Amino acid sequence: MDLTQFSLEGKVAVVTGGSRGIGRAAALAMADAGAHVVVSSRKIDGLEPVAAEISSKGVKGLAIAAHVGKMEDAKALIDQVMQQFGRLDILVNNAGTNPYFGKLIDQDETTYDITMNVNLKSIFFLSQMAAKIMKTRGGGSIINTSSIGGIRAGELGVYCVSKAAVIMMTQVMAKEWGQYNIRVNAIAPGIIKTRLSEALWKNPEVNAKAVAQIPMLRLGEPQELAGIVVFLASRAGSYVTGETIVVDGGRVHGEPAWLEKK
């Protein structure tokens, strides 16, 4: 097997939500594969150590603060990438939020708008900006972070709705942009040990309940999604588009039937 098909040497990648968790793991993995990587999130302080770690791998790492839910920030991010590198080959739309954990019937407009702006609107317009660049360069790869909450109804209300919309958006973009050799795919994590989900895994009782619903009987780690991002970004995934790859330890298939009940 030719492992060079996983190489990203000379490519330029942008990762939103890149200061920690899945975004950080994906950024470092792509740097290991040879890509120059721009990491972005709202606060520069959390990004700079990641950019430095990327640069230590012999490629260029760049930190750019941007609130991708605001269109002026999203445009400024892409503009800076083009000024610094003159190209954009890979976009990982990983930034996400969930400011509301209550019942759907009580959700207010403010938290609805925040969720939709970051989880959905930002992906649409960043991908649109990237696609216009990729189209002129013969193609590229866009990878969107959805969730198993977008596949199966959960307790996170509008968050789940936004992540379901990401899956359909991925398919529509893939169908329209395939003619330009732009591949658009999504990953759908289960419960991964990140700051976004720490309210679940830091509570021993809630954590135990969640683990019992996962066939692999453990939560996922951010780096367990990094290899899939490299695959989708590289020549190894050159004929894959419009797909959503679930990474959840088997949770969408239901709790392990063989597990002894106590």
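Residues numbered from 1 in each chain as written. Predicted model: local features only at pLDDT ≥ 70, side-chain atom pairs only at ≥ 80, totals over all residues. Heavy atoms only, no water.

With an unreviewed UniProt entry as reference, the protein chain is termed Glucose 1-dehydrogenase, source organism Desulfatitalea alkaliphila. A UniProt comment under Sequence similarities (unreviewed entry) is attached to the protein chain, and it reads "Belongs to the short-chain dehydrogenases/reductases (SDR) family." (UniProt positions renumbered as here; feature names shortened; annotations may be inferred.)

(A) Structural view of the pairing of strand S1 (residues 12-16). With five of five residues buried, S1 lies mostly within the body of the structure. What you see with S1 is no split at all: Val12, Val14 and Thr16 on one side and Ala13 and Val15 on the other are buried throughout. Relative to strand S2 (residues 36-41), S1 runs parallel, the two sharing five bridges. When the sheet's bridge partners are listed, threonine 16 is paired in S2 with serine 40. Between S1 and its parallel partner S2, the chain crosses via helix H1 (residues 21-32), and the hand of that crossover is right-handed. Direction of pairing for S1 relative to strand S4 (residues 90-93): parallel, over a ladder of three bridges. The partner of valine 14 across the bridge, within S4, is leucine 91. (Buried < 20%, exposed > 50% of the residue type's maximum accessible area, 1.4 Å probe, protein only. Helix = DSSP H or I, 4+ residues; strand = E, 2+ residues; numbered from the N terminus. Pairing = 2+ DSSP bridges. Right-handed = clockwise from strand over helix to strand, strands pointing away.)

(B) Here's a closer look at a positive patch on the surface. Taken together, the side chains of Arg20, Arg42, Lys43, Lys70 and Arg195 make up a positively charged region of the molecular surface. The topology assignment puts lysine 43 in the loop between S2 and helix H2 (44-55). According to the relative accessible area criterion, lysine 43 is exposed, its value standing at 63%. (Patch = residues over 30% accessible without salt bridge, like charges linked within 9 Å, V, L, I, M, F, W, Y side chains within 5 Å. Areas by Shrake-Rupley, 256 points an atom, 1.4 Å probe, with all protein chains shown as cover. Salt bridge = Lys/Arg side-chain N within 4 Å of Asp/Glu carboxyl O. Lys, Arg positive; Asp, Glu negative; His and termini not counted. Charge placed at Lys NZ, Arg CZ, Asp CG, Glu CD.)

(C) Geometry of the pairing of S4. Because side chains alternate across S4, one face comprises the buried residues Ile90 and Val92, and the other comprises Leu91 and Asn93, equally buried. The pairing of S4 with strand S5 (residues 140-145) spans four bridges and is parallel. Within S5, the position partnered with leucine 91 by the bridge is isoleucine 142.

(D) Geometry of the environment of isoleucine 105. Topologically, isoleucine 105 is positioned in the loop between S4 and helix H4 (109-136). Along the backbone, isoleucine 105 and serine 41 are 64 residues apart, and their C-alpha atoms lie at a distance of 31 Å.

(E) Layout of the sheet that holds S5. Reading across from one edge, S3-S2-S1-S4-S5-S6-S7 is the order of the seven strands in this open sheet, with parallel pairing throughout. Looking at strand neighbours, the two that pair on one side only are strand S3 (61-65) and strand S7 (244-247), the edges of this open sheet. Strand-to-strand twist of the sheet, defined as the mean angle between neighbouring strand axes without regard to direction, takes the value 15°. Direction of pairing for S2 relative to S3: parallel, over a ladder of five bridges. The residue bridging serine 40 from the neighbouring strand is isoleucine 64, located in S3. Each of S1, S4, S5 and strand S6 (182-189) touches H4; the most contacted strand, S4, lies at about 175° to it. Strand contacts of helix H5 (residues 158-177): S5, S6 and S7, with the helix running at about 160° to S6, the strand carrying the most contacts. (Axes fitted to C-alpha atoms, helices over the stretch in contact; angles between N-to-C directions. Contact = heavy atoms within 4.5 Å.)

(F) Spatial organisation of the packing of aromatic side chains. Under the definition given, this model contains one aromatic pair. Between phenylalanine 124 and phenylalanine 125 the ring centres are 4.8 Å apart and the planes differ by 80°, which places this aromatic pair in the edge-to-face class. For phenylalanine 125, a relative accessible area of 29% translates into the label partly exposed. (Phe/Tyr/Trp six-rings, centres within 6.5 Å; stacked < 30°, edge-to-face > 60°.)

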